[in-house]
Amino acid sequence: MSILLKNGRVVTADSDSICDILVEGEAIAAIGRGLPAPEGVAVNDCTGKMVMPGGIDPHVHLEMPFMGTFSSDTYETGTRAALHGGTTTVIDFILQKQGSSLRAALDEWQGRATGNAVGDYSFHMAVTDFNPNTQLEIEEMIAEGITSFKTFMAYKGALMIDDAQMVGLMQEVKKHGGLVTAHATNGDMIDTLIAQHRAAGKLSPLYHYLSQPEVTEAEASGRFSDIANYTGVNAYIVHLTCQGALNQVRRATERNQRVLVETCIQYLLLDASLYENEAEGAKWVMSPPLRQKKDQATLWAGLNQGLVQVVGTDHCPFLWEQKLLGKDDFSKIPNGHPAVEHRLELLFSEGVSKGRITPQKFVEVTSTNAAKIFGMFPRKGTISIGADADLVILDPEKKHTISAATHHMNCDYSAYEGWELTGKVDTVLLRGKVAIDRGEAKVGRGYGQFIRRGKTAF
Ligand code: URP
Ligand code: ZN
Ligand code: ZN
């Protein structure tokens, strides 16, 4: 099957021009001006539209067992919703069970994903119990195409590892050329503050925020960077939210260390005043919590300074009835919010349309950098001959309004209800097939493929 995209404004991380793209089979076959249409080719006139690489969201949690429940999007609903919003590949987190093996966790996650995903997906491996047996499995996971290893410096008793395990994991991953990522917040300090607030009867969602002050993230980000510097491993901080944490990354540059940074769309756009809404604040209970306006300014600047390379979502939706598990106690609210569908449109509208970032920066932080950092480039993350034809055709002028009534995520509320955006995804191609055509899904369950990843090339 061939498709010719004509006269689009084709934007990559390093180019921006009006041209045509010929797609043959699953890949891009030609790029140029005035490309002739081979016989039988479907022609899509992209005049006035932008054509960009499919989005890559390297931080999602689908059907994740967490806080006594499961995140509400399955591989099917989550990857389909992602496609609707122009994200063609997601990277989910496998969670090792403490006391069990990485292999067992991989089998469990493959069981949920295989044959169910609509869009392409890959896995990070969260190491929650680093011991001599786990150590032996690191190389094996890399051979499976799982080259990034997630650590939690919080959620003690469930996911958190201590600094001794962190050093050991980093040394092993470094040996095999992988990447270590971190949820960098100080778990012990957070648990103490949670206990203090609960003991004082302070139980509303606001106290979720007040139990995770900026210092808890700044301290852990610094510690993670320091241990990474000592071991020499490639390091990446997930969902970085605030000035104090980014300053630790800036500090690391002074010794010529590069710590890679992901922020998430919500930390650029939403702030902690939402927690003052006692009835609905649970919608935005996530970890780390939303921060302040000064932190948003730091993150936008960080994108343009190249200190923040990736904008993900940490998509981890829960239905309202699941959120109500914590109606009498903030510490029982399942952490996370729905976002995978709207990352591109939110960042385009608030970032590109409002002049905060250029279209090329948009492509860099929503797709290209993640492809490079997580070992999928140039198959994914760019528009070049031979690359997978994962393409988003976006109408930059079209206005629309976000609502739970129209979104495709399996979540009965939207964290951005009523937001009016400029710029809408029109058509999405995944490996050469039209996956979304003006709001309609054209591929189904099982079309999504597992993407084996290589090593960081950033
Ligand atoms: O609130 C969040 N972030 N939920 C998902 C787990 C995590 O920490 O990423
Ligand atoms: Zn996290
Ligand atoms: Zn997460």
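Computed from a predicted model, the values in this text were never measured in an experiment.

Caption draft 1: How the structure looks around the site of ligand 1. Contacts to ligand 1 come from His59, His61, Phe66, Tyr155, His183, His239, Met286, Ser287, Asp314, Cys316, Asn335 and Gly336. His61 places a side-chain nitrogen or oxygen 3.2 Å from an oxygen atom of ligand 1. In this structure, Ser287 approaches ligand 1 through a main-chain N or O atom, which is 2.8 Å from an oxygen atom. Within the complex, 100% of the 260 Å² of free accessible area of ligand 1 lies under protein.

Caption draft 2: Quick look at the nonpolar core. Counting residues in hydrophobic clusters, the biggest one holds 111 residues, and the most contacted among them are Phe123, Met125, Ile138, Phe224, Leu347 and Phe362. The two domains that each donate at least three residues to this core are domain 1 (2–52 + 387–403 + 421–441) and domain 2 (54–373). Residues Cys19, Val51, Ala389 and Leu391 belong to the second largest nonpolar core, which totals 14 residues.

Caption draft 3: Region of the structure containing the coordination of the zinc ion (ligand 2). Distances from the zinc ion (ligand 2) to its protein donors, His183 (ND1) and His239 (NE2), fall within 2.0 to 2.1 Å. What the four donor atoms of the zinc ion (ligand 2) show is an angle range of 56 to 151° at the metal, which sorts the shape as irregular. Between the zinc ion (ligand 2) and the zinc ion (ligand 3) there is a metal-metal distance of 3.8 Å. Taken as a pair, His183 in strand β12 (residues 179–183) and His239 in the loop between β13 (234–237) and α8 (243–253) lie far apart in primary sequence, 56 residues in all. Assessed through its relative accessible area of 2%, His183 is described here as buried.

Caption draft 4: Quick look at the coordination of the zinc ion (ligand 3). Looking at the metal site, the zinc ion (ligand 3) is ligated by His59 (NE2), His61 (NE2) and Asp314 (OD), spaced 1.9 to 2.2 Å from it. For the zinc ion (ligand 3), the four donor atoms are set out with angles of 86 to 136° between them, so the coordination reads as irregular. In primary-sequence terms, the residues that donate to the zinc ion (ligand 3) follow H-x1-H-x252-D.

Caption draft 5: Representation of the environment of Gly244 in the model. Note that Gly244 resides in helix α8. Each C-alpha atom, one on Gly244 and one on Thr298, is 9.6 Å from the other, the two residues being 54 residues apart in sequence. Apart from residues no more than four positions distant in its own chain, Gly244 is found in contact with Glu214 and Ala218.

Caption draft 6: Examining the side chain of Asp120 more closely. The residue Asp120 is located in strand β10 (residues 120–126) in this model. Under the relative-accessibility criterion, Asp120 is labelled buried at 1%. Polar contacts involving the side chain of Asp120 include one to the side chain of Lys380, which spans 2.7 Å. Dropping the residues within four chain positions of it, Asp120 is found in contact with Thr88, Thr89, Val90, Lys380, Leu430, Arg431, Tyr447, Gly448, Gln449 and Ile451.

Criteria and thresholds
Residues numbered from 1 in each chain as written. Chains lettered and ligands numbered in written order. Predicted model: local features only at pLDDT ≥ 70, side-chain atom pairs only at ≥ 80, totals over all residues. Heavy atoms only, no water. Near = heavy atom within 4 Å. Polar contact = N/O pair within 3.5 Å; in protein donor to acceptor, adjacent residues only side chain to side chain. Areas by Shrake-Rupley, 256 points an atom, 1.4 Å probe, with all protein chains shown as cover. Core = buried A, V, L, I, M, F, W, Y, C linked by side-chain atoms within 4.5 Å. Buried < 20%, exposed > 50% of the residue type's maximum accessible area, 1.4 Å probe, protein only. Domains from an automatic or database assignment. Donors = N, O, S within 2.8 Å, 3.2 Å for Na, K, Ca; no water. Tetrahedral: all angles 85-135°; square planar, octahedral: opposite > 155°, others 65-115°. Helix = DSSP H or I, 4+ residues; strand = E, 2+ residues; numbered from the N terminus. Contact = heavy atoms within 4.5 Å.

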